[in-house]
Amino acid sequence: MDDKSSIFFKYRKIILAVILFMVADAIVIGINFYNTYKADESAVSINLSGRQRMMSQRMTKALLTMDRSLETGDEDGVKTSLKELTLTVRRFDRTLMGFRDGAMVTGGDDNPTYLTQVDTDKSRQFVADAYEIWTPYMKWLKPLLNGDRESFLDERFKQKLTDTQTLEEVKNKFKAEEAFTDEEFAKKLEYIKNDPDAFRADLKAAVDFALEKNPTHSEPQNNRAVLKLMNALTTDLEHVANERAATLRIVLVVGILFALFNFSYTVVVSIRDLIRGDRNLAQARKETAEILSTVREGLFLLDKEKRIGTQFSESLPDILRRDIVPGSDFLPHLEAIAPRNIYEAAMDYIDLLLGDRVKEALVTSLNPLTNVPVLATDVRGNTQTRYLSFFFNRVVAEEKISHLLVTVQDVTDKVVLTQQVEQAKNQAKIEVETLLRLASSDFDSLKQFIDGVGESLAQINEKMSTPHDDSRERLHTLNYIMRIVHSVKGEAAALGIDVLEAYAHECEKEMVAMREEDSLSGDQMLRLAVLLEGFYQRHSSLAQIVSRLGNALGKTQTAGEWTAQKHPFADHITALAQRIAVDHGKQIEVSCQFERFFSLPKATTKELQDISIQLVRNAMTHGIEVPNKRTVNNKPPTGALSLWCEYLGHGQYTFTVRDDGCGIVPERLREHFVKKNIISPEEAAALSDHEIANHLFQPGISTSEAADQDSGHGIGLDVVLEKVRDMGGYMLVKSRPNQFTEFSIQFSTVH
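All values reported here derive from a predicted model rather than from experimental measurement. (Residues numbered from 1 in each chain as written. Predicted model: local features only at pLDDT ≥ 70, side-chain atom pairs only at ≥ 80, totals over all residues. Heavy atoms only, no water.)

(A) Spatial organisation of the pattern of salt bridges. In this structure the tally under the stated criterion is 22 salt bridges. Among the ionic pairs, R579 bridges to D583, the shortest N-O distance being 2.9 Å. Within this pair, R579 and its partner D583 are both found in helix α18 (residues 569-583), separated by 4 residues, close to a single helical turn. With a relative accessible area of 48%, D583 lands in the partly exposed category. Beyond isolated ion pairs, a larger network of salt bridges with shared partners links K606, E607, D610 and K723. (Salt bridge = Lys/Arg side-chain N within 4 Å of Asp/Glu carboxyl O. Helix = DSSP H or I, 4+ residues; strand = E, 2+ residues; numbered from the N terminus. Buried < 20%, exposed > 50% of the residue type's maximum accessible area, 1.4 Å probe, protein only.)

Structural data, given as structure tokens:
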């Protein structure tokens, strides 16, 4: 059963009652309209029959007055009587013909009106009897009314209303033909003057006929017989009108009684159905309230204007941690708890669901409000991260989308548990991979790295123990620690120790955020100490693993016992370059000549290794282009990176890192520094190319648009310059746009 059928079935009694009322009302109105129309006809007939009585007497009076005026020679009296006689004869004859056949006549207001023929036997008989007197009467009246005795009151005056003429056309024609013109009256007067004896003879014959007894009637005179017949006609017409009025009253009473009965029935049925519906509605509301008060999820309806419905679950305000007003806008609540990017995506998603252009199943997977992180404050004022998931389902009514049913769940426990499980899995995976990588790594390089990290942490601890009274001192300490952490991250990346590289990267991001603050506070330095504690823990764990690994493998040799011609750091730096190339969609071929490292002091070798890591990161992220860009510049798709160390004699060495990338372009640096508000446009224009390039070695300066694990924090070249100074050396930078960049470090082992 479809919706329309179900609605008709539900309200069938009321609908049938309304239909019956409309049918009965239409019948009553139709009958009333018909009776009203007949009543109008009856009123005209009664009015004109009454006028006929008067006209019969006026004709007789006009005949007698005209006869007396002719005897006395009263010409004005003759004229007046002649006009009166003409008018009364015309209207009486026309009206009598209307009663018999139906015709256009002059009404009581002197305007044309249509007179219907009488429809009762009595009335028809009265008219027929009147014609028995009137027909011979007209024979004597015609000579008195017109000089030619034949043309007046002929058949053209008996025009009836036909299908080919409108009522207005007939009325206009009738008025024109009935009019008593001066020309016509003058002809009649001329006739009287020319032959007065003949006219008086005709007049006497007409008077005699009016006053003589008709052998077919008991009345003493013909004019009185006509008067009596018109009285009887009027009485019969009034009787018919009264019968119609009585019928109309009966119809009205029956119609009113039926309407009252139908109305009473409709009211009783409606009230009974309303009571039943209210009872069912109250039960439904009670059940709905019980459901909404029981469910743990937030449930509510969202209309097309994105307003919350009047009914929602009691848990919704607790889940959203906001007061919810029925009918309020949903978007401000969502904007207050969701991150901006998620909020904007959610608005588009909701609009998509409220539209009918796509199917719901096709866009369910696009829901951006799944596991949404929300910041909440507990009773102690501590900020916590909660996770909410919003699920939307279309509500379709009459094949149109009317609402969205929204379900909100607090999935914090589920998300946290999932994160913990995933973190534990990743941690176990990292530890296993780290252990395998350590086992396959050069033990002496690994031991050297672990020892170096320990020394670096000791240096940091010593720096942190120094009082920091002002913000400038704290910033200097922060930059110092950032250079060390960046070096450790680079070495860990070169050796493939992901667990330490990842942690160093996280620490680096937090320290960059600290450095961007207007001023460093003591609380932030405490946060820095907490981060370094994590370094200590990871270093301690790695040191124990390396120690046990060394005992298991029997590794006791030192760096001086190496016999291989290829320095093991070459493999580490090559692996680092290859990994960065893969992460950034690039291709690289690395050439390393580190044989001179064997003859250098251990501390110098470590510094050069740190410098190599920073310059390789810089070359891979800023210098080497992606393959398609290199091809456009007529370069092979695979970039070239070379690192070598040369002995110059007399204890002098040079260490070089060269790439065939995009080079250092001063104009690009100017635009980037101005865009990032590092320098003003005026300063950029005033600085030379050399001075612009030197900005790359300042702390916090980076040309990357976004920071990632390998670049963007403005630490790499700062670390290189600091280490070159510690070695007592100096650095030369050569570059040519779109061709190469070369860093050359000269140092001495003789002090």
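(B) Main features of helix α3 (residues 75-101). The end-to-end C-alpha distance of α3, which contains 27 residues, comes to 39 Å, matching closely the 39 Å that a straight helix rising 1.5 Å per residue would cover. At the N-terminal boundary of α3, the capping side chain belongs to D74, with an oxygen 3.3 Å from the backbone nitrogen of D76. G102 lies just past α3 and shows a positive phi near 85°. (Expected span 1.5 Å × (residues − 1). Polar contact = N/O pair within 3.5 Å; in protein donor to acceptor, adjacent residues only side chain to side chain.)

(C) Highlighting the environment of I611. By secondary structure assignment, the location of I611 is in helix α19 (residues 602-623). I611 sits in the buried class, given a relative accessible area of 0%. Beyond its immediate stretch of four places on either side in the chain, I611 contacts F655, V720, K723, V724, M727 and I745. (Contact = heavy atoms within 4.5 Å.)

(D) Quick peek at the packing of helix α4 (residues 121-145) against helix α8 (residues 222-294). Viewed as axis vectors pointing N to C, α4 and α8 meet at an angle of 165°, and their least axial separation amounts to 9 Å. In terms of axis orientation, α4 runs roughly antiparallel to α8. Where α4 crosses over α8, the two elements pack in a sense that is left-handed. Between α4 and α8, the residues in contact are K122, S123, F126, V127, D129, A130 and I133 and N222, A225, V226, L229, M230, A232, L233, D236 and L237, respectively. (Axes fitted to C-alpha atoms, helices over the stretch in contact; angles between N-to-C directions. Parallel < 35°, antiparallel > 145°, perpendicular 65-115°, else oblique. Left-handed = near helix turned anticlockwise from the far one by under 90°.)

(E) Quick look at the sheet that holds strand β12 (residues 740-748). One open sheet holds the 5 strands; their spatial order is β8-β9-β10-β12-β11, and the pairing between them is mixed. The sheet is open, and its two borders are formed by β8 (588-593) and β11 (730-736), each paired with just one other strand. The average angle at which neighbouring strand axes cross in this sheet is 15°, direction not considered. The strands that α18 touches are β8 and β9 (639-649); relative to β8, the one it contacts most, it runs at about 165°. (Pairing = 2+ DSSP bridges.)

(F) Spatial organisation of the nonpolar core. Counting residues in each nonpolar core, the largest one holds 45 residues, and the members touching the most others are I573, F594, M620, L641, L643 and F655. Residues in contact with L641, not counting those within four places in the same chain, are A577, I588, E589, V590, S591, V616, A619, M620, V657, R658 and D659. By size, the runner-up hydrophobic cluster in this structure holds 44 residues, among which are V105, L141, F199 and A225. (Core = buried A, V, L, I, M, F, W, Y, C linked by side-chain atoms within 4.5 Å.)

(G) How the structure looks around the packing of aromatic side chains. Taken as a whole and judged by the stated rule, the model has 12 aromatic pairs. Between the aromatic rings of F597 and F655, the centroid separation amounts to 6.1 Å while the plane-to-plane angle is 40°, which identifies the pairing as tilted. With F597 in the loop between β8 and α19 and F655 in strand β10 (residues 652-659), this residue pair connects regions lying 58 residues apart in the sequence. A relative accessible area of 3% means that F597 is categorised as buried. (Phe/Tyr/Trp six-rings, centres within 6.5 Å; stacked < 30°, edge-to-face > 60°.)

(H) Main features of the packing of helix α15 (residues 471-495) against α18. Contact geometry for α15 and α18: axes closest at 7 Å, N-to-C directions at 95°. Here α18 runs roughly perpendicular to α15, going by the angle between their axes. Residues G490, A493, A494 and L495 of α15 form the contact with α18, whose own contacting residues are F569, H572, L576 and R579. Here the contact of α15 with α18 is built from residues that sort into 5 nonpolar, 2 polar and 1 charged. (Nonpolar A, V, L, I, M, F, W, Y, C, P; charged D, E, K, R; others polar.)

(I) Expanded view of the pairing of strand β3 (residues 298-303). One ladder, built from 6 bridges, connects β3 with strand β7 (residues 400-410); its direction is antiparallel. When the sheet's bridge partners are listed, L299 is paired in β7 with T407. Relative to strand β4 (residues 308-312), β3 runs antiparallel, the two sharing 2 bridges. What sits directly across from F300, in β4, is F312. What sits between β3 and β4 in their antiparallel hairpin is a turn of 4 residues, with K306 showing a positive phi close to 65°.

(J) Molecular detail of the pairing of β9. Bridge count for β8 against β9 is 6 bridges, and the pairing is parallel. By the bridge assignment for β9, S591 is matched with S642. Direction of pairing for β9 relative to β10: antiparallel, over a ladder of 8 bridges. Note that in β10 the partner of L643 across the bridge is V657. Adjacent in sequence and paired antiparallel, β9 and β10 are bridged by 2 residues, among which H650 carries a positive phi angle near 60°.

(K) Quick peek at the confidence of the model for the protein. Residues at a pLDDT of 70 or more form 79% of the protein, whose mean pLDDT is 78. Considering each helix and strand of the protein separately, the mean pLDDT is smallest for helix α5 (residues 167-178), with a value of 55, and largest for β10, with 93. Taken together, the stretch residues 147-164 has pLDDT below 50 and engages in 39 contacts with residues farther than four places along the chain or on a different chain. Note on residues 556-564: pLDDT under 50 across the span, and 8 contacts to partners over four residues away in sequence or across chains. (pLDDT = per-residue confidence, 0-100.)

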